[in-house]
Amino acid sequence: ETGVTQTPRHLVMGMTNKKSLKCEQHLGHNAMYWYKQSAKKPLELMFVYNFKEQTENNSVPSRFSPECPNSSHLFLHLHTLQPEDSALYLCASSQVAGADTQYFGPGTRLTVL
Amino acid sequence: GENVEQHPSTLSVQEGDSAVIKCTYSDSASNYFPWYKQELGKGPQLIIDIRSNVGEKKDQRIAVTLNKTAKHFSLHITETQPEDSAVYFCAASLGGSQGNLIFGKGTKLSVKP
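Residues numbered from 1 in each chain as written. Chains lettered and ligands numbered in written order. Predicted model: local features only at pLDDT ≥ 70, side-chain atom pairs only at ≥ 80, totals over all residues. Heavy atoms only, no water.

> So what exactly am I meant to see when it comes to the state of the cysteines here?
Each disulfide is one covalent bond, formed between the sulfur atoms of two cysteines. Counted by the stated rule, this structure contains 2 disulfides over all chains. In this model A:Cys23 forms its disulfide with A:Cys91; the gap between the sulfur atoms is 1.9 Å. Its S-S torsion of approximately -75° makes the covalent link between A:Cys23 and A:Cys91 left-handed. Here A:Cys91 lies in strand S9 (residues 87-94) and A:Cys23 lies in strand S3 (residues 18-25), a separation of 68 residues in the sequence. Side by side, A:Cys23 and A:Cys91 carry an identical accessibility label, which is buried. Between B:Cys23 and B:Cys90 runs a disulfide, and the two sulfur atoms are separated by 1.9 Å. Measuring the twist about the S-S bond at about -100°, one finds the B:Cys23-B:Cys90 disulfide to be left-handed. (Disulfide = S-S within 2.5 Å. Helix = DSSP H or I, 4+ residues; strand = E, 2+ residues; numbered from the N terminus. Buried < 20%, exposed > 50% of the residue type's maximum accessible area, 1.4 Å probe, protein only.)

Structure follows, in structure tokens:
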């Protein structure tokens, strides 16, 4: 596999469920990102990891919990979400964090009932 | 906070015509400006980028211009084709936040055959 992959591609969950989103990059990059994409709004940066260390938490509610076990893998753990959290969640990677080209995965379409 | 304004939100052109999308940014320390194309069901893909030390960059039918004094940059697509139909996003790096990107709201381009 090449590029940035995300699983699952679609997820429906209830407000009391716990689920996880997975991202994997095959580009040898050192920085990984989580973004939220909602209709009619700009892409919102959620978290940034650089060399496995979290360098940015953009005031994201604690019901979203990221994990970066190594430079190639990034997870987003979800619990007690709200219907307004329904969105497309995009993962991206770049050589290093900062003003560098970011490569995006296809996203996970999340629906919270 | 810092932001990026993008216009127009929708653009419809005839095949073969040119399309222009404009963005303005607020952070005078921004120095990296990528453009992304997002097709239905896919993540954003980088199509061209420019750094603040140049005023224009061209790649076949796509060009980007940057005016640092006015803090605006534009995407120009010439000889448009139906496969250019997609949502286009501009972004600017934040000078004070490790260069993380802030995105515009997107322009939905439709190219009619």
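> Sorry, what's going on with unusual backbone geometry here?
For residues that are not glycine, phi is negative in most cases, and the peptide bond is trans in most cases. Going from A:Thr7 to A:Pro8, the amide bond is cis rather than trans, its omega being -10°. Tracing the backbone shows A:Pro8 in the loop between strand S1 (4-7) and strand S2 (10-13). Following B:His7, the chain continues to B:Pro8 via a peptide bond in cis, the omega torsion being -5°. With respect to the helices, strands and loops of the structure, B:Pro8 is situated in the loop between strand S1 (4-7) and strand S2 (10-14). A positive phi angle, close to 55°, is found at A:Ser59, a residue other than glycine. Secondary-structure assignment places A:Ser59 in the loop between strand S6 (53-57) and strand S7 (64-70). Located in the positive-phi region is A:Thr80, a residue other than glycine, with phi close to 45°. Among the structural elements, A:Thr80 can be located in the loop between strand S8 (73-79) and S9. Taking relative accessible area as the criterion, A:Thr80 reaches 42% and is therefore assigned partly exposed.

> How should the sheet that holds strand S6 (residues 56-59) of chain B be read in this particular structure?
Sheet strands associate in pairs through backbone hydrogen bonding, adopting either a parallel or an antiparallel arrangement. All names here are of chain B. Judged by pairing direction, the sheet is antiparallel, and its 5 strands sit side by side in the order S1-S3-S8-S7-S6 without closing on themselves. The open sheet terminates on both sides in strands that have one partner only, identified here as S1 and S6. On average, each strand axis in the sheet is tilted by 15° relative to the strand beside it, whichever way the strands run. With 4 bridges connecting them, S1 and strand S3 (residues 19-25) associate as antiparallel partners. In the sheet register, His-7 faces S3, and the bridge partner there is Lys-22. (Pairing = 2+ DSSP bridges. Axes fitted to C-alpha atoms, helices over the stretch in contact; angles between N-to-C directions.)

> Even after reading the chapter, I still don't get the interface of chain B and chain A, so can you show me in this structure?
Interface size is commonly expressed as the accessible surface area that is lost when the partners come together. Facing 21 residues of chain B, the contacting portion of chain A comprises 23 residues. Viewed at the interface, chain A and chain B are joined by 0 salt bridges. Going through the elements one at a time, strand S4 (32-38), strand S5 (45-51), strand S9 (86-93) and strand S10 (101-103) of chain B are the ones with two or more residues in the side of chain B that touches chain A. (Contact = heavy atoms within 4.5 Å. Salt bridge = Lys/Arg side-chain N within 4 Å of Asp/Glu carboxyl O.)

> Whenever I open this one, the sheet that holds S3(A) confuses me. Can you help?
All names here are of chain A. Taken together, 4 strands build an open sheet; the order of strands is S1-S3-S8-S7 and the sheet is antiparallel. Of all strands in the sheet, those with a lone pairing partner are S1 and S7, marking the two edges. For this sheet, the mean angle separating the axes of adjacent strands, direction not counted, is 20°. For S1 and S3, the ladder comprises 4 bridges, and the chain directions are antiparallel. Bridged to Thr-5 within S3 is Glu-24.

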